[in-house]
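Here is what each chain is made of, one letter per residue.
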Amino acid sequence: MSDRKRSTALALASALAGSAVLFTAPAAHAAVVDVAYDCKTPIGDKSAVSPIDIKAVRQGDGYKLTMTFQKGVSSSPIELGKGAMNPSAVILVDGAEKVSVPVSGPSNPEAVPADTPIKITDLSGTYTPKKSGKVTFTAGVLTIMAMGTTTTCTPGNSPKPSLELDVTAPGGGGTTQPGADTTGDTLPQTGPADSALALGTLGGTVLLSGAVGVLWLTRRGRRARS
C-alpha cells in the first residue's frame, strides 16, 4: 500500500472513531410534561393544565435553566395592559442534591384581554450544582403578580420531571449518587441545535488530528525514500 493510501485510511479511521465517541456520549432525557396548576387568585380558586418544557445550557460553573409554558394557566376579569403582569416560579432539583432554583421572566409583551388565558413568558434562572451526579428538574410553584395582586399556582398532580441530566459541580467536587456518570464536563445535549454544534466541534477536532497524521506519515515516507 502506498504512503498516500495508508495516510488516507488512517484519517478515515480517525474520523470514524471520533463519531463513535460522539454517539456514546451521555444524553439528557427531556420531556414536555403536563402540569395541573391549582391557582389561588384574587377572584377565587382556578385551575388549568399547561404542558411545560425545561431546558438546560452550560454557562460557566453553572447551568442556565429555561422553563417554557405552552398554554396559559390563569386569566384576569379585566384587561391587563402591556407590562402589567410579572411571572416567576421555582424549579425543583432532585437526585444528587435537592434544591429549589428561582426562575423569572419578562412581563407580558402585549395586552391580555379580559377572561383570556394568560400566556406566561419563558422563565429562566441559573443553577450551580454543589454536587456532581444525576439530577432531575421539575416544575414547582408559579407566582403571577399583576396590578397589585398576587396569584399563586401550585402543581396539583405531582408532575414528573421535565429534564434529567448529569451535572458537574465546579471543580468536580461534591459527592455523587451510586452509578452516576461523571466523566468530564460535557453537558448532555438537549436539542438538535446543540447536537449539531457538538458534531461540528468534535468532528472538526478529529479530522484535524487525521490531517496531522497524514502530514506526519507523508513526511516520514519521504524521509524513508531519501
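Residues numbered from 1 in each chain as written. Predicted model: local features only at pLDDT ≥ 70, side-chain atom pairs only at ≥ 80, totals over all residues. Heavy atoms only, no water.

1. Points about the overall build of the protein chain
- Looking only at helices and strands, the protein chain features two helices and ten strands.
- Starting at the N terminus and walking to the C terminus, you meet the elements of the protein chain as α-β-β-β-β-β-β-β-β-β-β-α.
- Taking as baseline every contact in the protein chain between residues at least 6 positions apart, the subset at least 24 positions apart corresponds to 70%. (Helix = DSSP H or I, 4+ residues; strand = E, 2+ residues; numbered from the N terminus. Contact = heavy atoms within 4.5 Å.)

2. Quick look at the pattern of salt bridges
- Using the criterion set out here, one finds four salt bridges in the structure.
- Taking the shortest distance from any N to any O, the salt bridge between Asp45 and Lys40 comes out at 3.2 Å. Lys40 matches Asp45 in its accessibility class, with the two residues each being exposed. (Salt bridge = Lys/Arg side-chain N within 4 Å of Asp/Glu carboxyl O. Buried < 20%, exposed > 50% of the residue type's maximum accessible area, 1.4 Å probe, protein only.)

3. Some remarks on the state of the cysteines
- What the rule picks out here adds up to one disulfide.
- Across the disulfide, Cys39 is cross-linked to Cys153 (sulfur-sulfur distance 2.1 Å). Of note, the bridge from Cys39 to Cys153 carries an S-S torsion of about 110 degrees and is right-handed in sense. With Cys39 in strand E2 (residues 33-41) and Cys153 in strand E9 (residues 149-155), this pair connects stretches of sequence that are 114 residues apart. For the residue pair Cys39 and Cys153, the accessibility class agrees, reading buried in each case. (Disulfide = S-S within 2.5 Å.)

4. Points about the packing of aromatic side chains
- Evaluated as defined, the whole model comprises three aromatic pairs.
- On the numbers, 5.6 Å between centres and 80 degrees between planes, the contact of Tyr127 with Phe137 is edge-to-face. One end of the pair, Tyr127, is in strand E7 (residues 123-127); the other, Phe137, is in strand E8 (residues 133-146), with ten residues separating them in the sequence.
- A relative accessible area of 2% places Tyr127 in the buried class.
- Phe137 sits in the buried class, given a relative accessible area of 0%.
- Taken together, the ring pairs connect Tyr63, Tyr127 and Phe137 into an aromatic cluster. (Phe/Tyr/Trp six-rings, centres within 6.5 Å; stacked < 30°, edge-to-face > 60°.)

5. Considerations on the side chain of Thr41
- Here Thr41 shows up in strand E2.
- Of the residues examined, Thr41 reaches a relative accessible area of 14% and is grouped as buried.
- A distance of 2.4 Å separates a polar atom in the side chain of Thr41 from the backbone oxygen of Gly44.
- Apart from residues lying up to four places away in sequence, Thr41 is in contact with Lys46, Ser74 and Thr151. (Polar contact = N/O pair within 3.5 Å; in protein donor to acceptor, adjacent residues only side chain to side chain.)

6. A few points about unusual backbone geometry
- Its identity as a non-glycine residue notwithstanding, Asp115 has a phi of 60 degrees, on the positive side.
- Asp115 sits in the exposed class, given a relative accessible area of 61%.

7. Concerning the pairing of E8
- Among the 14 residues of E8, ten are classified as buried, and the element is accordingly described as predominantly covered.
- In terms of strand pairing, strand E5 (residues 85-95) meets E8 through ten bridges, oriented antiparallel. Note on E8: the bridge partner recorded for Met85 is Ala146.
- Where E8 lies against strand E10 (residues 163-167), five bridges are found, and the strand directions are antiparallel. (Pairing = 2+ DSSP bridges.)

8. Some words on the pairing of E9
- Of the strand pairs in this sheet, E2 and E9 are connected by four bridges, and their pairing is antiparallel. In the sheet register, Tyr37 faces E9, and the bridge partner there is Pro155.

9. As for the nonpolar core
- With 37 residues, the main nonpolar core has Tyr37, Met67, Phe69, Ile120, Tyr127, Phe137 and Leu142 as its most contacted residues.
- If you list the elements that add at least two residues to this core, you get E2, strand E3 (44-59), strand E4 (62-69), E5, strand E6 (99-104), E7, E8 and E10.
- A per-element tally of this core places E8 first, with six residues. (Core = buried A, V, L, I, M, F, W, Y, C linked by side-chain atoms within 4.5 Å.)

Keep in mind these values describe shape, not function.
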